[in-house]
Amino acid sequence: MRKREVVAMILAGGQGSRLGVLTQNIAKPAVPFGGRYRIIDFTLSNCSNSGIYTVGVLTQYMPMELHTHIGVGSPWDLDRLNGGVFILPPHQKASGANWYQGTADAVYQNIPFIDAYNPDVVLILSGDHIYKMNYNKMIAFHKDKGARCTIAVTDVPLSEASRFGIMNTNEDMSIYEFEEKPRHPKSTKASMGIYVFNWALLKEALIEDAANVNSAHDFGKNVIPMLVERGEKLYAYPFRGYWKDVGTIESLWEANMDLLSENDELNIEDSTWRIYSSAPVKPAQYLGGAARITNSIITDGCEVYGEVIHSILSTNVKVEKNAKIIDSVIMPDAYIGENVIINKAIIGSNAIIRKNSIVGDGKNVTAIGLYEEVKAGMVAN
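Read on for an overview of the structure. Numbering of residues begins from 1 in every chain and follows the order in which that chain's sequence is written. It should be noted that, the model being predicted, local features are given only for residues of pLDDT at least 70 and side-chain atom pairs only at 80 or more, the latter also being counted only at that level, while totals for whole chains, interfaces and linings use all residues. With hydrogens and water stripped out, all remaining heavy atoms of the structure feed into the side-chain values.

### Focus on the overall build of the chain
Stage number 1. A run of DSSP states H or I qualifies as a helix once it reaches four residues; a run of E qualifies as a strand once it reaches two. Both are numbered from the N-terminal end. Within the chain, the secondary structure is distributed over 8 helices and 32 strands.
Stage number 2. Summary of the burial criterion: residues with accessible area below 20% of their type's maximum are buried, those above 50% are exposed, and those between are partly exposed, where the area comes from a 1.4 Å probe applied to protein chains only. Across the 381 residues in the chain, those meeting the buried criterion constitute 55%.
Stage number 3. Taking as baseline every contact in the chain between residues at least 6 positions apart, the subset at least 24 positions apart corresponds to 55%.
Stage number 4. Working note: accessible area of the chain is about 16,700 Å², and carbon and sulfur atoms make up 47% of it.
Stage number 5. Counting rule for charge: Lys and Arg are taken as positive, Asp and Glu as negative, and neither His nor the chain ends is counted. Where a charge lies is defined by one atom per residue type: Lys uses NZ, Arg uses CZ, Asp uses CG and Glu uses CD. Here the chain contributes 36 positive and 42 negative side-chain charges, whose respective centroids are spaced 2 Å apart. Any two residues whose heavy atoms approach within 4.5 Å at even a single point are treated as in contact. For accessible areas, the Shrake-Rupley method is used with a probe of radius 1.4 Å. Any residue's cover is judged against the shown protein chains and nothing else.

Here's what the structure looks like:
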């Protein structure tokens, strides 16, 4: 194989337990988003738009639908003879099979894959964030600073900083301290879980971490603090743009609603930075004579006979007459029966909401799982 300047590794193996019923049968990066996308489409599209065409996707939990979605990578121009996209699940070794024990261990187990390309830098990414980012700018920053590791950070409100890993920096953005979810944060520079490593340093650090029996083998908990403590040349790269970790039902709902707010930073219709997906082509949507649509996204293949307000309907959703959907996200192939009211909810793929049911109270986000059925007349909050 030819040498690559950059190899990207996308961490996509997590269960996403905080998404509850939405990830009982599907990996979090494969969860539908925005009508026609999957969450991982944003990271894959960022790679393609940045001209990074050697990408490993590390999968583990319920991977089949994610594998099927990615396929050979053609929607993202990653179906290449030299490079391209590679699905990297845990694999059998002579010593036996090992599940990925953490984010760092997942990359450690794939050192031979990275070595085959002998890159200058390795880009570590998460497959469960919604954002648009030119990775080339971060890599250029990394090189200009002469950094050995660069960590993308986003500015968060001080009141929320204790929820994140916080990078404390000098004026030149060099990192002198890392605090994991500090009670009294010294700064508001939150780690985005996006790292650029010199390959030589990363390989050395992964081998050292793997030998530590007391490590959780996680980048944020173990590898980054170890490098900071060692005095390695680490820098924080300030990212200014839309970014959201959609790890909870509430944050997933918020990110979908942001699509309806005409947020330029999350403009998925921007032709200069397209978000690509392998969503199958469906017939055009059909709106019945009594249908009423207000500030909503109605995707291909939908049939709507009721009312949809400030909501997103994914492909092949059917909404029967007199049904009312408000501030909600309906995932692919869901059925919404007659006289149903859905208010501030996420309805999973292939779910069935029978007639006269009420889902959501308009206050907290209610989630109905994949293939779940809400029977006629039920109230689900």
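### Some thoughts on the packing of helix H6 (residues 199-210) against helix H7 (residues 219-230)
Stage number 1. To define axes, lines are fitted to C-alpha atoms, for helices over the stretch in contact only, and angles between the resulting N-to-C directions are given on a 0 to 180 degree scale. At a minimum axis distance of 11 Å, the contact between H6 and H7 shows a crossing angle of 115°. The angle between H6 and H7 falls in the class roughly perpendicular. Judged by the twist between their axes, the crossing of H6 over H7 is right-handed. Between H6, through Leu-201, Leu-202, Glu-204, Ala-205, Leu-206, Glu-208 and Asp-209, and H7, the contact on the second element is made entirely by Phe-219, Asn-222, Val-223, Met-226, Leu-227 and Arg-230. Relative orientations are named as follows: roughly parallel for angles under 35 degrees, roughly antiparallel for angles over 145 degrees, roughly perpendicular for angles from 65 to 115 degrees, and oblique for any other angle. It is the rotation of the near helix from the far one that decides the hand of a crossing: anticlockwise by less than a right angle makes it left-handed, clockwise makes it right-handed.

### Brief notes about the sheet that holds strand E21 (residues 312-313)
Stage number 1. The strand order across the open sheet formed by 5 strands is E18-E21-E24-E27-E30, and the pairing between neighbours is parallel. Bordering the open sheet on either side are strand E18 (297-298) and strand E30 (366-368), each of which pairs with just one other strand.
Stage number 2. Strand pairing requires that DSSP identify at least two bridges connecting the strands. Judged from the 3 bridges that link them, strand E27 (residues 345-347) and E30 form a sheet pairing that is parallel. Looking at E30, one finds that Ile-347 is bridged to Ile-368.
Stage number 3. Lying over the sheet, helix H8 (residues 249-258) contacts E21, strand E24 (329-330), E27 and E30, oriented at roughly 90° with respect to E27.

### Re the sheet that holds strand E23 (residues 324-326)
Stage number 1. Strand order in the open sheet formed by 6 strands is E17-E20-E23-E26-E29-E32, and the pairing between neighbours is parallel. Two strands close off the open sheet at either side, each with one partner strand: strand E17 (292-294) and strand E32 (379-380).
Stage number 2. Here 2 bridges tie strand E26 (residues 341-343) to strand E29 (residues 358-359), and the two strands are oriented parallel to one another. Across the sheet, Ile-342 pairs through a bridge with Val-359, a residue of E29.

### Some details on the nonpolar core
Stage number 1. Here, nonpolar core means buried Ala, Val, Leu, Ile, Met, Phe, Trp, Tyr and Cys residues that are tied together by side-chain atoms lying within 4.5 Å of each other. Membership of the largest hydrophobic core comes to 105 residues, with the highest contact counts inside it found for Ile-124, Phe-219, Ile-224 and Leu-252.
Stage number 2. Dropping the residues within four chain positions of it, Phe-219 is found in contact with Leu-11, Thr-103, Ala-104, Val-107, Ile-124, Tyr-195, Phe-197, Leu-202, Leu-206, Ile-224 and Pro-225.
Stage number 3. Ala-323, Ala-345, Ile-347 and Val-359 belong to the second largest nonpolar core, which has 23 residues in total.

### Quick notes on the side chain of Arg-4
Stage number 1. By secondary structure assignment, the location of Arg-4 is in the segment before strand E1 (6-11).
Stage number 2. Buried within the structure, Arg-4 lacks any salt-bridge partner; Glu-5 is the closest side chain of opposite charge, at an N-O distance of 9.6 Å.
Stage number 3. Within the structure, Arg-4 has its side chain in polar contact with the side chain of Thr-54 (distance 2.9 Å).
Stage number 4. In contact with Arg-4, not counting residues within four places along its chain, are Thr-54, Asn-82, Gly-83, Tyr-117, Asn-118, Pro-119 and Asp-120. Any carboxyl oxygen of Asp or Glu within 4 Å of a side-chain nitrogen of Lys or Arg constitutes a salt bridge here. Here a polar contact is taken to be a pair of N or O atoms separated by no more than 3.5 Å, where protein atoms must pair a possible hydrogen donor with a possible acceptor and residues adjacent in sequence count only if both atoms sit in side chains.

### Points about helix H1 (residues 40-49)
Stage number 1. With respect to burial, H1 is a largely interior element, 9 of its 10 residues being buried.
Stage number 2. Buried within H1 are the following residues: Ile-40, Asp-41, Phe-42, Thr-43, Leu-44, Ser-45, Asn-46, Cys-47 and Ser-48.
Stage number 3. At the exit of H1 stands Gly-51, carrying a positive phi of roughly 75°.

### Describing the packing of aromatic side chains
Stage number 1. Here a pair means two rings of Phe, Tyr or Trp (six-membered ring of Trp) with centres within 6.5 Å. Their orientation is stacked below 30 degrees between planes, edge-to-face above 60, and tilted elsewhere. Inspection of the entire model under this criterion finds 11 aromatic pairs.
Stage number 2. Here the aromatic rings of Tyr-286 and Tyr-305 are separated by 5.9 Å at their centres, their planes lie at 55°, and the arrangement is tilted. Placement of Tyr-286 in strand E16 (residues 286-287) and of Tyr-305 in the loop between strand E19 (303-304) and strand E20 (307-309) is noted, with a sequence separation of 19 residues between them.
Stage number 3. Judged by its relative accessible area of 47%, Tyr-286 is partly exposed.

### Overview of the environment of Phe-164
Stage number 1. Structurally, Phe-164 is set in the loop between strand E10 (149-155) and strand E11 (165-169).
Stage number 2. Phe-164 gets classed as buried once you look at its relative accessible area, which sits at 14%.
Stage number 3. Between the C-alpha atoms of Phe-164 and Glu-265, which are 101 residues apart in sequence, the distance is 22 Å.
Stage number 4. The contacts of Phe-164, once residues within four sequence positions are left out, are Val-156, Glu-179, Glu-180, Lys-181, Pro-182, Ala-190 and Trp-243.

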